[in-house]
Amino acid sequence: RRTLLGLNVFVGRNFEEQLDQYANTLSNKPLSYDEVGATKGKLPDGYTIDKYKIYLGTGKADFDKAVNGFKQGISHRGAGLSIAPNDFIFEEGRSAMFGLKLGPFVLGIPNRIVYMEQSQNLFTCAYGTIAGHPEKGEELFKITLEENEQVFYEIVCFSKIVAPLARIGFPVSRFLQKRMTCKYLSSLKDYVQQN
């Protein structure tokens, strides 16, 4: 692992093993922002705000399938991310290192689940950035079963790009951020709509 202008960069064929080793150190690292849990209510000033919403399907079976798929990492793995540690599951308090492959390099993206809630018709999971993430902020993933039986997947995020290299390449960083979020949405939709 190397740090390149604020980014965690992993090099070599054994990058998954490197990600796994580094992920095991994340529980001791602090979150990199102060507004923990703000995606539950009023989003903080001074950040870029992104909101996305997509229709997934209809009925309780599609809702349950979406929630279970999300917990298994379908959104993230379907977007091309690796997740470390290997046994990671989405639950409150767990930390993860997501790996984004960029040519011969893998960008390490550390996060921690700051809250997670589930009821008969609502699932929410939010994670926040850990020091070493190219951004700082929080991202909420929300799956709802509406009264009309329609199932929706919503992502709400407040973020600020902080790594010097990511800030230098701001247009590219924003493009990658938006592209990744769209892949989160489409990956879960494809999974739910599979027979």
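Worth saying up front: this structure is predicted, and the values here are computed from it rather than measured.

A short note on the environment of Thr48
Following the sequence through the fold, Thr48 ends up in strand 3 (residues 48-58). Overall, the relative accessible area of 32% leaves Thr48 in the partly exposed class. The spacing of Thr48 and Arg179 is 131 residues in sequence and 15 Å in space, taken between C-alpha atoms. Once you skip the residues sitting within four places of it in the chain, Thr48 turns out to touch Cys157, Phe158, Ser159 and Arg174.

Topic: unusual backbone geometry
With an omega dihedral of 5 degrees, the bond running from Ala84 to Pro85 counts as a cis peptide bond. For Pro85, the location among the structural elements is in the loop between strand 4 (81-84) and strand 5 (95-102). The backbone of Glu149 shows a phi angle near 80 degrees, a positive value even though the residue is not glycine. Along the polypeptide, Glu149 turns up in the loop between strand 8 (135-145) and strand 9 (150-161).

Things to note about the nonpolar core
Within the largest apolar cluster, 34 residues are counted, with the highest numbers of intra-cluster contacts made by Leu56, Phe70, Phe90, Ile143, Tyr153, Tyr184 and Leu188. Per-element accounting of this core gives the leading share, 6 residues, to helix 5 (residues 170-193). Counting 10 residues, the second-largest nonpolar core is a separate cluster that includes Tyr33, Val114, Leu140 and Val156.

Things to note about the pattern of salt bridges
What the rule picks out here adds up to 3 salt bridges. Between Lys60 and Asp64 there is a salt bridge whose closest N-O contact spans 2.7 Å. In this pair, Lys60 and Asp64 are both assigned in helix 2 (residues 60-71), 4 residues apart and thus about one turn of the helix distant. A relative accessible area of 32% places Lys60 in the partly exposed class. By relative accessible area, which is 28% here, Asp64 ends up partly exposed. The salt bridge partner of Arg94 is Asp87, with a shortest N-O separation of 3.6 Å.

Notes on the pairing of strand 7 (residues 122-129)
Consecutive side chains along a regular strand alternate between the two faces of the sheet. The buried count for strand 7 comes to 7 of 8 residues, which makes it a mostly enclosed element. Direction of pairing for strand 6 (residues 105-118) relative to strand 7: antiparallel, over a ladder of 7 bridges. Residue Glu117 lies in a different strand from strand 7, and its bridge partner there is Thr124. For strand 7 and strand 8, the ladder comprises 7 bridges, and the chain directions are antiparallel. Across the sheet, the residue bridging to Ala126 is Leu140, located in strand 8.

Some details on the pairing of strand 9
Within strand 9, 9 of the 12 residues are buried, which leaves the element mostly enclosed by the surrounding structure. Summarising the sheet, strand 3 and strand 9 pair through 10 bridges and their orientation is antiparallel. Bridging across to strand 9, Thr48 finds its partner in Ser159. Summarising the sheet, strand 8 and strand 9 pair through 11 bridges and their orientation is antiparallel. For Ile143, the partnering residue across the bridge sits in strand 9 and is Tyr153. Turn length for the strand 8-strand 9 hairpin, with the two strands adjacent in sequence and antiparallel, is 4 residues, and the turn residue Glu149 shows positive phi of about 80 degrees.

What counts and how
Residues numbered from 1 in each chain as written. Predicted model: local features only at pLDDT ≥ 70, side-chain atom pairs only at ≥ 80, totals over all residues. Heavy atoms only, no water. Helix = DSSP H or I, 4+ residues; strand = E, 2+ residues; numbered from the N terminus. Buried < 20%, exposed > 50% of the residue type's maximum accessible area, 1.4 Å probe, protein only. Contact = heavy atoms within 4.5 Å. Core = buried A, V, L, I, M, F, W, Y, C linked by side-chain atoms within 4.5 Å. Salt bridge = Lys/Arg side-chain N within 4 Å of Asp/Glu carboxyl O. Pairing = 2+ DSSP bridges.

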